[in-house]
Structures are given as structure tokens and as C-alpha cells.
Amino acid sequence: MMIQILGGASAFALGRFPRLASAAGVSSAVIGAVLGLAPTLGVLLGGRPVSKDLPWDAAHGQFQVEIDSLGAVFLLPVLVLTILASVYGADYLFAYRVRKSLGAPWLFFNVFVAAMALVLISRTALLFLIAWEVMSL
């Protein structure tokens, strides 16, 4: 998810250069999705759930994410469709490079995909609500 967010931010920064912005947006979306597919497929093929707990804030508890078998079922199409949509979107958006900067669409696409994946793997209420709100923006 961090790869997608950082790639979207770099695409936004490179918005004046359409080819570079598209390359940064597409590559970060695809790399982030491919890296997410590895644990997702591992869980779907009979592996144990993958979880990560990080200390967050004393008032908010843990930053806890987990890919279990049910979450992996929903995460798989999100990640596969991310790859397909980003590759298709690169060619589609490139036609608008003269009229509009391509950095903002790639930033919003990558943040949307990262938040959508975070909605599926979050295990704390606050983290789920934050991811849901970012996804809905």
C-alpha cells in the first residue's frame, strides 16, 4: 500500500511530464498489487492468515491488519483488477495529456486502491473507518 501511495504522490509531482507521471502511476499500482498478491494467494492456497500489529497510539490501540481466507477472497479481485485497470487507464488517460495534468488522476487512483485494500484487511474499528473514508473520497 505504501508503494501505491508513494507512487501516486510521485506521479502527482511529475504531473507536468505526462509520460513520467503515467509511468510512476502505473508502475506503483502494478508493483503494489503484485506484492499484495503473494500473501493473498498464499492464504487462499491453504496457508495461515498473515497479520501485522504495530503500536499506534495509546488512545487508539494497535495498528492491526490481517489477511484471512475471507478477506483474501475479496482482496484477490481488487488486486487483479487494479493491475488491469492501471494498464488500461494509462493508455486511456494519455489521450488527455494536452488538456490536463495526469498526476492527479494517478494519485487518486493509487490512494483509492490502497484504501480499498486497507478496508479489506483492517482489524481495528478506527483503522477501518479511516480507510473507508479515504476510499470514499
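In case you missed it, the structure is sitting above this.
On a predicted model such as this, the values are computed, not experimentally measured, just so you know.

Cut-off values and rules
- Residue indices begin from 1 for each chain and proceed along its sequence in written order.
- It should be noted that, the model being predicted, local features are given only for residues of pLDDT at least 70 and side-chain atom pairs only at 80 or more, the latter also being counted only at that level, while totals for whole chains, interfaces and linings use all residues.
- Water and hydrogen atoms play no part in the side-chain values, which are based on all heavy atoms of the structure.
- For the purposes of this section, nonpolar cores are sets of buried Ala, Val, Leu, Ile, Met, Phe, Trp, Tyr and Cys residues that join through side-chain atoms within 4.5 Å.
- Accessibility here uses a 1.4 Å probe with only protein chains present; expressed as a share of the type maximum, an area under 20% marks a residue as buried, one over 50% as exposed, and anything in between as partly exposed.
- The numbering of helices and of strands both runs from the N terminus, where a helix is a DSSP run of H or I of at least 4 residues and a strand a run of E of at least 2.
- Lines fitted to the C-alpha atoms define the axes, with helices restricted to the stretch that makes contact. Angles between their N-to-C directions range from 0 to 180 degrees.
- Here roughly perpendicular refers to angles of 65 to 115 degrees, roughly parallel to angles under 35, roughly antiparallel to angles over 145, and oblique to all remaining angles.
- Take the far helix as the reference: if the near one is turned anticlockwise from it by less than a right angle, the crossing is left-handed, and if turned clockwise, right-handed.
- Residue contacts are defined here by distance: any two heavy atoms, one from each residue, within 4.5 Å place the two residues in contact.
- Only Asp, Glu, Lys and Arg are considered charged in this grouping, and only Ala, Val, Leu, Ile, Met, Phe, Trp, Tyr, Cys and Pro are considered nonpolar; every other residue, Gly among them, is considered polar.

Participant: For the nonpolar core, give the residues involved together with the corresponding values.
Facilitator: Formed by 16 residues in total, the largest nonpolar core has its most connected members in Val65, Ile67, Leu75, Leu79, Leu118 and Ile121. Residue assignment for this core shows that the elements contributing at least two residues are helix 2 (18-44), strand 2 (61-67), helix 3 (69-94), helix 4 (103-121) and helix 5 (125-136). In terms of residues, this core owes the most to one element, helix 4, which gives five residues. Formed by nine residues, the second largest nonpolar core is a distinct cluster that contains Ala11, Ala21, Ala24 and Ala90.

Participant: Give a detailed account of the packing of helix 4 against helix 5, specifying residues and quantitative values.
Facilitator: Relative to each other, helix 4 and helix 5 sit at 150 degrees, their axes nearing to 8 Å. Accordingly, the angle class assigned to the pair helix 4 and helix 5 is roughly antiparallel. For the pair helix 4 and helix 5, the sense of crossing is left-handed. Facing Val111, Phe112, Ala115, Met116, Leu118 and Val119 of helix 4, the residues of helix 5 in contact are Leu127, Phe128, Ala131, Trp132, Val134 and Met135. Residues that form the contact of helix 4 with helix 5 fall into these classes: 12 nonpolar, no polar and no charged.

By themselves these figures say nothing about function.
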